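Residue-level structure breakdown
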Amino acid sequence: MAQNIYDNPAFFAGYSQLPRQVHGLAGAPEWPAIRSMLPDVTGKRVADLGCGFGWAARWFREQGASSVLGFDLSQNMIARARTDTDDPAITYQIADLETLDLPTAACELVYSALAFHYVRDFGRLIRMIHAALVPAGELVFTIEHPIFMAAAHPHWVLDEDGRKTWPVNGYATEGERRTDWFAKGVLKYHRRLATTLNTLTDTGFTLRRIDEFAPTQEQIAQMPTLAEEIERPMMLLVSATRT
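The structure displayed is predicted, hence computed values, not measured ones. (Residues numbered from 1 in each chain as written. Predicted model: local features only at pLDDT ≥ 70, side-chain atom pairs only at ≥ 80, totals over all residues. Heavy atoms only, no water.)

Some points on the pairing of strand β3 (residues 90–94)
In plain terms, the rule: The rule for pairing is simple: two strands pair if DSSP sees at least two bridges between them. In this description a helix means any DSSP run of H or I spanning at least four residues, a strand means any run of E spanning at least two, and both kinds are numbered starting from the N terminus. Whether a crossover is right-handed comes down to one check: with the strands pointing away from the viewer, does the path from the first strand over the helix to the second run clockwise; if it does, it is right-handed.
Summarising the sheet, strand β2 (residues 67–72) and β3 pair through five bridges and their orientation is parallel. Bridge pairing in β3 places Val68 opposite Ile90. Note that the unit made of β2, helix α5 (residues 75–84) and β3 has a crossover that is right-handed.

Below you can see the structure in the form of structure tokens.
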């Protein structure tokens, strides 16, 4: 079973105050880039893996999706999503992505935001998603970029010129990474960029688009703290089609 850090009271309290949780998709600077990778969802069945508070699930319905299934391991997340949603075509379920098994050909789009790096067996998850999609169905997901999460102690350091620098060490050593973020010992799984992409293609996906999120100058002007995101990619965005 995956670590359920989101039901840790201290973690959940801190996480709930992030701009992306207070303001929804508008508070996620990477959302415009993600949105450009998403297909037309009119009349489509969507599965949202790691649905959180249900922001994306509700957006998919606003765009015309016929139904949305949202899955999350956290009882806190699912409770909040159900409270904030008044739409019988959206269903939320507590589920562990390590063991989730969707029916064959159950949806036309699988979407996930910043959840897959909590999954130990990425290969099993991708095989399950491939089977759950109809032919030509699409997978769009974001994860923490492997450069961002590779280090044993990820944090900014200053180089010889006093410039902020992000350490990268142990990149080729895949597996567990534990960090302190709102709570101690948050468990994630580092995989090389090649491993993530090759797992997709080996399973039968065709890569459509890859992006390594960096804020625009307009975004930095509106939120100057985003300027440090230019120094290294924090998120990897992937769009792929089931073949």
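As for the UniProt feature "domain: Methyltransferase type" (unreviewed entry) in the protein chain
Stated precisely, the cut-off is as follows: UniProt positions are given in the numbering used here, feature names are shortened, and annotations may be inferred rather than shown by experiment.
With numbering aligned to this structure, UniProt lists the feature "domain: Methyltransferase type" (unreviewed entry) at residues 48–141. The distance separating the terminal C-alpha atoms of residues 48–141 is 10 Å; by composition the span is 31% helix and 31% strand.

Details of the layout of surface pockets
To find leftover empty space, one rolls a probe the size of a water molecule over the atoms. Formally: Definitions used throughout: a 1 Å grid over protein atoms alone; a cavity as a set of points that fits a 1.4 Å probe which cannot get out; a pocket as an open set with protein on both sides within 12 Å along at least five of seven lines; a lining residue as one with an atom within 4 Å of a point. Grid points are joined across faces, edges and corners, and a volume is the space filled by probe spheres set on the points. The nonpolar class holds Ala, Val, Leu, Ile, Met, Phe, Trp, Tyr, Cys and Pro. Asp, Glu, Lys and Arg form the charged class, and all remaining residues, Gly among them, are polar.
Taken as a whole, the second largest pocket holds about 190 Å³ of empty space. In terms of lining residues, the second largest pocket is bounded by 12 residues, among which Ala26, Pro29, Gln219, Gln222 and Met223 are the most central. Looking at side-chain class alone, the lining of the second largest pocket contains eight nonpolar, four polar and no charged residues.

Let's talk about the packing of helix α6 (residues 122–132) against helix α8 (residues 193–203)
Rule in force here: Note on geometry: axes are C-alpha line fits, over the in-contact stretch for helices, and angles between N-to-C directions span 0 to 180 degrees. Should an angle lie under 35 degrees it is considered roughly parallel, over 145 roughly antiparallel, and from 65 to 115 roughly perpendicular; all remaining angles are considered oblique. Crossings are classed by handedness, with left-handed meaning an anticlockwise turn of the near helix from the far one by less than a right angle and right-handed meaning a clockwise turn. By the convention used here, residues are in contact when the closest approach between their heavy atoms is within 4.5 Å.
One way to put it is that α6 packs onto α8 with a least axis distance of 10 Å and a crossing angle of 40 degrees. With respect to α8, the axis of α6 lies oblique. The hand of the α6/α8 crossing is right-handed. Seen from α6, the contacting residues are Phe122, Gly123, Ile126, Arg127 and His130; seen from α8, they are Thr196, Thr199, Leu200 and Thr203. A class-by-class count of the residues in the contact of α6 with α8 yields three nonpolar, five polar and one charged.

Considering helix α4 (residues 55–62)
Residues separated by three or four positions in an α-helix point in the same direction, a consequence of the helix having 3.6 residues per turn. Put simply, the rule reads: Whether a residue is buried, partly exposed or exposed follows from its accessible area with a 1.4 Å probe, protein chains only, as a fraction of its type maximum: under 20%, in between, or over 50%, in that order.
Looking at α4, one finds that the buried residues are Ala56, Ala57, Arg58, Trp59 and Phe60. Buried residues in α4 make contact with α3 (31–37), β1 (45–49), β2, α5, β3 and β4 (107–113). Where α4 terminates, the next one or two residues include Gly64, which has phi positive at roughly 105 degrees.

What to know about the environment of Leu133
Looking at where Leu133 falls in the secondary structure, it is placed in strand β5 (residues 133–144). In this structure the C-alpha to C-alpha distance between Leu133 and Arg163, which are 30 residues apart in sequence, comes to 45 Å. Ignoring anything within four residues of it in the chain, the contact list for Leu133 reads Ala105, Cys107, Glu108, Leu109, Val110, Glu138, Leu139, Phe205 and Arg242.

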